[in-house]
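# Summary of the model geometry
Residue strings, one per chain:
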Amino acid sequence: MRVVIDTNIWKKACSKESLSCLMFLTNFLQIDNDQLTIDYCCKIFEEYGDNVEGDLFYQMSIRHLKTQNRISYVSSDIDKRHKEGLDAVGFHEAEDRVFLGCAYNADKYLVTEDSDYGVSPVANKNDELALRKKRYIETEMGVELADSARALKDSLARLK
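This report concerns the structure included in the present document. (Residues numbered from 1 in each chain as written. Predicted model: local features only at pLDDT ≥ 70, side-chain atom pairs only at ≥ 80, totals over all residues. Heavy atoms only, no water.)

### Quick notes on the side chain of Thr37
- As for its position among the elements, Thr37 is in strand 2 (residues 35-39).
- When residues no more than four places from it in sequence are discounted, the contact partners of Thr37 are Arg2, Val3, Val4, Ile44, Ser72, Val74, Cys102 and Ala106. (Helix = DSSP H or I, 4+ residues; strand = E, 2+ residues; numbered from the N terminus. Contact = heavy atoms within 4.5 Å.)

Here it is, written out as structure tokens:
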């Protein structure tokens, strides 16, 4: 499966802020058929570099994925209809659109705990704007948004 992993998952794992992020990434590294999905322009790698480049776990993980040919490159382009739909629900961050575009053009699976997507361990279930973003992304675009706990559960199922 081609999986897009948001920077916040790497940050939380590398800083040891979240055990579920660390467990998900550790498990992800063991699944031979899973690939880290990156945009053709490598903006995702730039984003990772700005946040976790110096971390040994990150460096070893990326080196492992590269040596195993487990990095997949896709377009991050989003068609006009969905750009307009995302604008309408207030999904504006350029970096977030790169991650979402990659997921949309790959296997439609994005691991994130970013409240901009309406996914966060501390998300307010009454935040209507966040819920509208999440609903649009999942329903209209068909992209599954998974937090680290859900992604870990999904990856353990693929490991079997």
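### Structural notes on helix 4 (residues 56-67)
- Between its terminal C-alpha atoms helix 4 stretches 16 Å, which fits the 16 Å expected from 12 residues at 1.5 Å a residue.
- Of all the residues in helix 4, the buried ones are Tyr58, Ser61, Ile62 and Leu65. In an axial view of helix 4, the angular spread of the buried residues amounts to 95°, which keeps them on one side of the axis. Away from its buried face by more than 90 degrees, helix 4 exposes Leu56 and Thr67.
- The inward-facing, buried residues of helix 4 contact helix 1 (7-14), helix 2 (19-30), strand 2, helix 3 (43-52) and strand 3 (71-74).
- Residue Asp55 occupies the N-cap position of helix 4, its side-chain oxygen lying 2.9 Å from the main-chain nitrogen of Phe57.
- Just past helix 4, the residue Asn69 takes up positive phi, approximately 55°. (Expected span 1.5 Å × (residues − 1). Buried < 20%, exposed > 50% of the residue type's maximum accessible area, 1.4 Å probe, protein only. Arc of directions from axis to C-beta. Polar contact = N/O pair within 3.5 Å; in protein donor to acceptor, adjacent residues only side chain to side chain.)

### Some words on helix 5 (residues 80-88)
- Listed in full, the buried residues belonging to helix 5 are His82, Gly85 and Leu86. Seen along its axis, helix 5 keeps its buried residues to an arc of 100°; they face one direction. Exposed residues pointing more than 90 degrees away from the buried face of helix 5 are listed as Lys80 and Ala88.
- Residues of helix 5 that are buried in the fold lie against helix 6 (94-105) and helix 7 (128-140).
- Downstream of helix 5 by a residue or two, Gly90 has a phi angle that is positive, lying close to 85°.

### Quick word on the sheet that holds strand 4 (residues 109-111)
- With parallel pairing, five strands are arranged side by side in an open sheet as 3-2-1-4-5. The outermost strands of the open sheet, each flanked by one partner alone, are strand 3 and strand 5 (144-146). Going across the sheet, the axis of each strand differs from the next one's by a mean of 40°, ignoring polarity.
- Where strand 4 lies against strand 5, three bridges are found, and the strand directions are parallel. (Pairing = 2+ DSSP bridges. Axes fitted to C-alpha atoms, helices over the stretch in contact; angles between N-to-C directions.)

### With respect to the nonpolar core
- Ranked by size, the top nonpolar core spans 47 residues in total, and within it Ile5, Phe24, Leu36, Tyr48, Leu100, Tyr117 and Val143 carry the most contacts.
- Non-local contacts of Phe24, meaning those with residues more than four positions away in its chain, are made with Val3, Ile5, Ile9, Val111, Ser148, Ala151, Leu152 and Ser155. (Core = buried A, V, L, I, M, F, W, Y, C linked by side-chain atoms within 4.5 Å.)

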